[in-house]
4 protein chains.
Amino acid sequence: VNTSAGGGLTVGVVGGTGYAGGELCRLLLGHPAVSSVLPTSRGEETVERVHPNLLGSGLSFLPAPVLAERAAELDVVLFSTPTGEAMRAVEHYLDHGVRVVDLSADFRFADAATYRRVHGPQHACPHLLAEAVYGVTELNRKQLSQARLVANPGCYAITAILALAPLLTLSGTGDRVSVHAVNGTTGAGTTPKRALMHAEVAGSMLAYSLDGHRHGPELEDVLTGLAGRPVEVDLNTAHGDFARGIHLQANVDVPSGTRREDLLELYRQFYGPGADGEYFVRVNDQPRRGGLNTKDYSLYPTVAAVTGTNFCHLGVDLDPARGIAKIVAVTDNLVKGAAGSAIQNMNVMLGLDETTGLRGYAP
Amino acid sequence: VNTSAGGGLTVGVVGGTGYAGGELCRLLLGHPAVSSVLPTSRGEETVERVHPNLLGSGLSFLPAPVLAERAAELDVVLFSTPTGEAMRAVEHYLDHGVRVVDLSADFRFADAATYRRVHGPQHACPHLLAEAVYGVTELNRKQLSQARLVANPGCYAITAILALAPLLTLSGTGDRVSVHAVNGTTGAGTTPKRALMHAEVAGSMLAYSLDGHRHGPELEDVLTGLAGRPVEVDLNTAHGDFARGIHLQANVDVPSGTRREDLLELYRQFYGPGADGEYFVRVNDQPRRGGLNTKDYSLYPTVAAVTGTNFCHLGVDLDPARGIAKIVAVTDNLVKGAAGSAIQNMNVMLGLDETTGLRGYAP
Amino acid sequence: VNTSAGGGLTVGVVGGTGYAGGELCRLLLGHPAVSSVLPTSRGEETVERVHPNLLGSGLSFLPAPVLAERAAELDVVLFSTPTGEAMRAVEHYLDHGVRVVDLSADFRFADAATYRRVHGPQHACPHLLAEAVYGVTELNRKQLSQARLVANPGCYAITAILALAPLLTLSGTGDRVSVHAVNGTTGAGTTPKRALMHAEVAGSMLAYSLDGHRHGPELEDVLTGLAGRPVEVDLNTAHGDFARGIHLQANVDVPSGTRREDLLELYRQFYGPGADGEYFVRVNDQPRRGGLNTKDYSLYPTVAAVTGTNFCHLGVDLDPARGIAKIVAVTDNLVKGAAGSAIQNMNVMLGLDETTGLRGYAP
Amino acid sequence: VNTSAGGGLTVGVVGGTGYAGGELCRLLLGHPAVSSVLPTSRGEETVERVHPNLLGSGLSFLPAPVLAERAAELDVVLFSTPTGEAMRAVEHYLDHGVRVVDLSADFRFADAATYRRVHGPQHACPHLLAEAVYGVTELNRKQLSQARLVANPGCYAITAILALAPLLTLSGTGDRVSVHAVNGTTGAGTTPKRALMHAEVAGSMLAYSLDGHRHGPELEDVLTGLAGRPVEVDLNTAHGDFARGIHLQANVDVPSGTRREDLLELYRQFYGPGADGEYFVRVNDQPRRGGLNTKDYSLYPTVAAVTGTNFCHLGVDLDPARGIAKIVAVTDNLVKGAAGSAIQNMNVMLGLDETTGLRGYAP
């Protein structure tokens, strides 16, 4: 850490105008160990106009090249840029001893060939791919504590991984995971398009990329690693009529005779109890009221319960007649799915308490 | 048809205060062959207070027993009552020569044992089960034209059936159909509950009945019949942040080498072209722009495009890497999923043009 | 009417890609006297991609110049173009005997000076301003029946006019009308802007043009004419988290001692009873339950009750302690506020029943 | 403060199951000086089922009588009960030296006669009315620091007061303030009612209490005090299609010749600059782009920018042609409008930094 005498951390945010960039700014402003936040922008807009929630915060944008010149002042730099940009820029910061978390997809694959197959262009910085640590904190805490460069996971990927990690330790589960996720419209970015206008989405839903979402291979990679055998992911994505949050359901075949209570116990053991276990992963283990096939709306987590927070809430259920485990996971796509995870990883990299600046419950 | 000289049809609506009952009233008010609509209610509220969209329509509620006494005046009676009520009441109307469409689940199974297994109580009128015709008009048009008693399908069921009927004619498809459906909150009925208050659902989603939805067996029955082999249905349901409409996705394994164009052609052939084919089932057969894995939001239908109408729009796609067909179907759960289908079936029963009173496009 | 032998009407829609243009297409497709709808577009998109609700309708766009060449085939042309376009194009159609309804602001002021003051540029066709009839059908039915050119009112204007016309006949009301209107986001047009993206508006509201909305002078003109004395309009506008509909409240000082029942009687007399009075203007005259200051949510109309329809619902109330009449009016901004009114006016111009193609209730 | 050796504060929340009660719990859980939160409930539900955002927090409900018995352990008790309950219960806590903040309307009027006129029943504890301090922290900081009993303001009242306090210091403004406020549906409480079901409010708006809202007299009292002359408040309320937040517009006549810049300067002076002025009240003082009557959506604050926070954002504008100042104020009705203000007041009563536990920006 470059920061010295009395001061807190200085953190750069490359790409400060998008939704994830705005969340990085918001969370860093409330982070007790951070004294200076430096977001970049390509345009002329003020922070107030781009992120009206930050009215009066005193933040202002600087051009990315200016931030790069000031690399020596930084402790950490966070990239919330479109895919293809961070891979051209991170090395400069690493060379100055700055810790880097990349929220884009640039460093999520271990090899350059996969990157090219999934994203198209040649990777600009292949020699750093092996060094980058994949940033699901709950699973990679130790490597993250020694990392210089973190590849922050995609929002669908991290939500699905937290939903499935316990289940994949169970023997006899199916080889295919069926994932259906509904994301808020912030997940589609800030570029104005008619299909994403409020008038088009209000009271509706918008499926997309059913022919194969780019997070699919990322997810298959990680889940295959966790399971120790090939896992196929059928990933299905849509935008719902809400701005934030991912409501994700993962279905997996389980051995016949599995009971809901067995699954709940597995998840309870894996993540530990409430705030004393994995702080940010909470399992809803309320008992079912009224028996099978009665509507008990309290069993499944809802997006609203995690909006604005770094939590992932998990609901665990089972269709016993067909032998299918059904895990519902909810996160805020911009927090646990992006900026919150990035700061959680930053905390781990810097040896801070992992939950610093991130403990709040959802309004 | 009882109606004679100069008059139009007289139609009773048993259960006029719920959402489906309100839609029956709305659609019957605009039906050119109907001259009198008689909805029932158990309470004292005026139609204006219960269905504010019908302000000034002149409709008023009568008690169900009064309607029963006036059976001889009726041409048709439509039941939009909770499960368990129609089975005690339809025989009286049939005895008076009144055509009956039951929108509840009372007559959807051919045998009383299945009814008891799925719904709990003993069936009150088992001798009529065999006679009742299952009301997916597009598939059962001929039997419907001769029916006295129609079992209108569940909203999830009809949407999934229209989505899957063509695909199940294809040889080599998988034995399991994975159905994920997001329904508007009108699908949860009018009984006030905290979980369904606006303050709880706004900006959120609400999964329910993942342990086995009651429409699952109904759907397995019908799809097994269509496919000519056992079909297992993994049915997953949620309420989204919209009042009306079902956004349903059905995934089925298809033989390797299947192309999107093959599937599109299958659906085009099955349902015919636009308004000249099956009027109410329309296949979105726009070509993909930009190749695989590019976001083309125009390929999949949206709930907003069918809200308030009797249409089912279908989007057809494929994950070629994993060999999974992906069909998106949208309907209005209260129209094609309930009142609209009921009136479509009524039209067929009475020998009217099937689309009478139902042709309008969505606002 | 140009149309002859056996055929229905041929109607052009200049500007078929916007929200009002889409609604014109939808309503004309369901209009029993119209056999051909010819919408124009500047781009290459298909109707299906621009208006997914019209999937399979068979409509296709043609370029505006092609429509102009075919003027002789048309009975009516409807302009749903940005302000400043119709004034350059209508004369050509009038010269061919085509009836014209302009949904833009080009012909709403009687004099060119006001047009210039409010909208900026010089009027391109000032000699037609005096001839154009302002299209609030309920108030100008007779002139409309003889019109060649109709200036369709703005969506805020027509809603406020229908809300206030009865009250302004009352003597002793205040000189200022305070109008607060919340409009759906379709009211902001189809041009993509970040402020109007779903991610920005969901769960929020967006005030705009509080320094003076352009419909203010239009409204002052008309209300001054109706009242026979100067009326000042304090017009306040916002977009709400819904795609369609205007929820408008108009407050006016009334003489002390005025009672809610007096106001209700005034409105009942002015508009007549339900479907037998002014068909499209319906007064909610339910009695209050529970006395003053109790929440009776049924007294005021809601946007949802008129969405997709040509209705204006009115709620009439009073703050007796402060002597302020409070009128709530709801319309669909794209129907009664645009396309529906335009067709209602078209019907009157052509001698058809005014409600043809427009009678439906809201889903 | 009862709390001693090493411990933090112990805070009771009477009425922990409602929306404000849930927010008190959430904010107190994150308050660094609070070590124990004791919410009460009349029912049997767990905290997890009632407030799913608090999953895993470890909070549990106790019955109100049990809390009363433990009064000696408490430092502060916060009442989030329906009107009429706190006035029967606060004295017991005061007698035990516990500081009390009442979020209900029981102690907002200085005299019992006004309470009876507005709310109906006789006041149960009139001798404490004069002692209770009205809790707009920004205006009453000094008295609050010495208070035992605080009457927390209504959500509409505090939002309107912060919007208008600067303007009422200006000479020559009108005697009537016109307030139009749209509130989230959490503002209507948790009691299930059909009119407040998601299916009824989605895509709509719901006006209510236009005959005279109960916060009207509260507001007239306070504004009259601030202005030093009688102020009449025309208060108009509705629920919008969002769960949280108040979007409030206040219009007041101002002397002719007043400019937007004058008003902005007045507000800037009154509240100070951003985080260095009144921390929770922020004035949007962006310059207008594009001149009068152009849509600059960035000038007015939006509900989304303050959701979940204790901020009030203010937008300041003017209709120069008609001489009307237009102030837009947004708050979260459950935070600055209820639980956040209550904790801000608690902080002041206890001599803590007023912003403790409340500084966060909106997601």
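Preceding this paragraph is the structure being described.
Residues numbered from 1 in each chain as written. Chains lettered and ligands numbered in written order. Predicted model: local features only at pLDDT ≥ 70, side-chain atom pairs only at ≥ 80, totals over all residues. Heavy atoms only, no water.

A few words now on the interface of chain B and chain C. On the side of chain C, 30 residues touch chain B, which itself brings 30 residues to the contact. Surface buried jointly by chain B and chain C totals about 2,500 Å² across both partners, of which 55% is contributed by carbon and sulfur atoms. It is Arg-49, Leu-55 and Tyr-361 of chain B in chain B that bury the most area against chain C; as a group they hold 31% of the surface buried on that side. On the surface where chain B and chain C come into contact, there are 4 salt bridges. (Contact = heavy atoms within 4.5 Å. Buried area = accessible area lost by both parts, 1.4 Å probe. Salt bridge = Lys/Arg side-chain N within 4 Å of Asp/Glu carboxyl O.)

Right, let's get into the sheet that holds strand 3 (residues 76-79) of chain D. Residues and elements named next belong to chain D. Spatially, 6 strands are ordered 2-1-3-4-6-5 in an open sheet, and the strand pairing comes out parallel. Each edge of the open sheet is held by one strand with a lone partner, namely strand 2 (34-39) and strand 5 (133-134). Relative to strand 3, strand 1 (residues 9-14) runs parallel, the two being bridged by 4 bridges. Of the residues in strand 3, the one forming a bridge with Val-13 is Leu-78. (Pairing = 2+ DSSP bridges. Helix = DSSP H or I, 4+ residues; strand = E, 2+ residues; numbered from the N terminus.)

On to the packing of helix 7 (residues 155-164) of chain A against helix 11 (residues 335-349) of chain A, then. Any two packed helices are characterised by the angle at which their axes cross and by the distance between the axes. Residue and element names in this part refer to chain A. Look at helix 7 against helix 11: their axes get within 8 Å of each other, and the N-to-C directions meet at 95 degrees. Considering their axes alone, helix 7 and helix 11 lie roughly perpendicular with respect to each other. Between helix 7, through Cys-155, Ile-158 and Leu-162, and helix 11, the contact on the second element is made entirely by Lys-336, Gly-337 and Ser-341. Residues belonging to the contact of helix 7 with helix 11 are distributed by class as follows: 3 nonpolar, 2 polar and 1 charged. (Axes fitted to C-alpha atoms, helices over the stretch in contact; angles between N-to-C directions. Parallel < 35°, antiparallel > 145°, perpendicular 65-115°, else oblique. Nonpolar A, V, L, I, M, F, W, Y, C, P; charged D, E, K, R; others polar.)

Further remarks concern the pattern of salt bridges. Counted under the stated rule, the structure contains 108 salt bridges over all chains. One salt bridge connects Glu-278 of chain C with Arg-141 of chain C, and the closest N-O pair in it is separated by 2.7 Å. In this pair, Glu-278 of chain C sits in the loop between helix 10 (260-271) and strand 11 (281-284) while Arg-141 of chain C sits in helix 6 (residues 137-145), placing the two residues 137 residues apart along the sequence. On the basis of relative accessibility, which here comes to 15%, the residue Glu-278 of chain C falls in the buried class. Here Asp-262 of chain D ties to Arg-259 of chain D by a salt bridge, and the two come within 2.7 Å at their closest N and O atoms. Overall, Asp-262 of chain D belongs to the partly exposed group, its relative accessible area being 32%. (Buried < 20%, exposed > 50% of the residue type's maximum accessible area, 1.4 Å probe, protein only.)

The partner chain B presents 51 residues to the 51 residues of chain A that form the contact. Taken over both partners, the interface formed by chain A and chain B buries close to 4,500 Å², and the fraction arising from carbon and sulfur atoms is 51%. In terms of surface lost to chain B, no three residues of chain A exceed Asp-211, Tyr-297 and Arg-322 of chain A, which account for 19% of the buried area on that side. Inspection of the chain A/chain B interface yields 8 salt bridges. The partner of Asp-253 of chain A in a salt bridge is Arg-176 of chain B, and the shortest N-O contact between them spans 2.8 Å.

Residue and element names in this part refer to chain D. A full pass over the atoms with the stated rule returns 28 aromatic pairs over all chains. Relative to Tyr-271, the ring of Phe-270 has its centre 4.9 Å away and its plane inclined at 70 degrees; by these criteria the two rings are edge-to-face. Aromatic side chains Tyr-279 and Phe-311 sit 5.6 Å apart centroid to centroid with 35 degrees between the ring planes, which places their arrangement in the tilted category. Residue Tyr-279 is found in the loop between helix 10 (260-271) and strand 11 (281-284), and its partner Phe-311 is found in the loop between strand 11 and strand 12 (312-319); the two are separated by 32 residues along the sequence. The residues Tyr-279 and Phe-311 share a single accessibility class, namely buried. (Phe/Tyr/Trp six-rings, centres within 6.5 Å; stacked < 30°, edge-to-face > 60°.)

Moving on to the sheet that holds strand 12 (residues 312-319) of chain C. All names here are of chain C. Read across the sheet, 7 strands follow the order 8-9-7-10-13-12-11 without closing on themselves; strand pairing throughout is mixed. Of all the strands in the sheet, just strand 8 (206-208) and strand 11 have a single pairing partner and so form its edges. In this sheet, neighbouring strand axes are inclined to one another by 20 degrees on average, regardless of whether the strands run parallel or antiparallel. Pairing of strand 11 with strand 12, which is carried by 4 bridges, proceeds in the parallel orientation. Paired with Val-281 across the strands is Cys-312, a residue of strand 12.

This next bit is on the relation of the copies chain B and chain C. With an RMSD of 0.0 Å, the operation that places chain B on chain C is a rotation of 180 degrees combined with a shift of 0.0 Å along the axis. Accordingly, the operation relating the two chain copies is best matched by a two-fold axis. The C-alpha atom lying nearest the rotation axis in chain B is that of Gly-203 of chain B; the distance is 3.5 Å. Taken as a fraction of all interface residues of chain B, those also at the interface in chain C reach 100%, which identifies the copy contact as same-surface. (Least-squares fit on C-alpha atoms with pLDDT ≥ 70 in both.)

This part covers the relation of the copies chain A and chain B. Applying a rotation about an axis and a shift along it to one chain copy brings it onto the other copy. Screw-axis analysis of chain A against chain B gives a translation of 0.0 Å along the axis, an RMSD of 0.0 Å, and a rotation angle of 180 degrees. Both copies share a contact surface, since 100% of the interface residues of chain A are interface residues in chain B too.

Turning next to helix 9 (residues 215-227) of chain A. Residues and elements named next belong to chain A. With 13 residues, helix 9 ought to run about 18 Å at 1.5 Å a step, and its terminal C-alpha atoms sit 18 Å apart, in line with that. Burial in helix 9 covers these residues: His-215, Gly-216, Pro-217, Glu-218, Leu-219, Glu-220, Val-222, Leu-223 and Ala-227. The elements touched by buried residues of helix 9 are helix 5 (112-119), strand 5 (133-134), helix 7 and strand 9 (232-239). One or two positions beyond helix 9, positive phi appears at Gly-228, with a value near 75 degrees. (Expected span 1.5 Å × (residues − 1).)

Attention now moves to the pairing of strand 10 (residues 246-253) of chain D. Residue and element names in this part refer to chain D. Counted residue by residue, strand 10 has 7 buried out of 8 residues, so it is predominantly covered. Of the strand pairs in this sheet, strand 7 (residues 176-183) and strand 10 are connected by 6 bridges, and their pairing is antiparallel. Considered in strand 10, the bridge of Ser-178 is made with Asn-251. Note that strand 10 and strand 13 (residues 324-331) share 8 bridges and pair antiparallel. Bridged to Val-252 within strand 13 is Ala-325.

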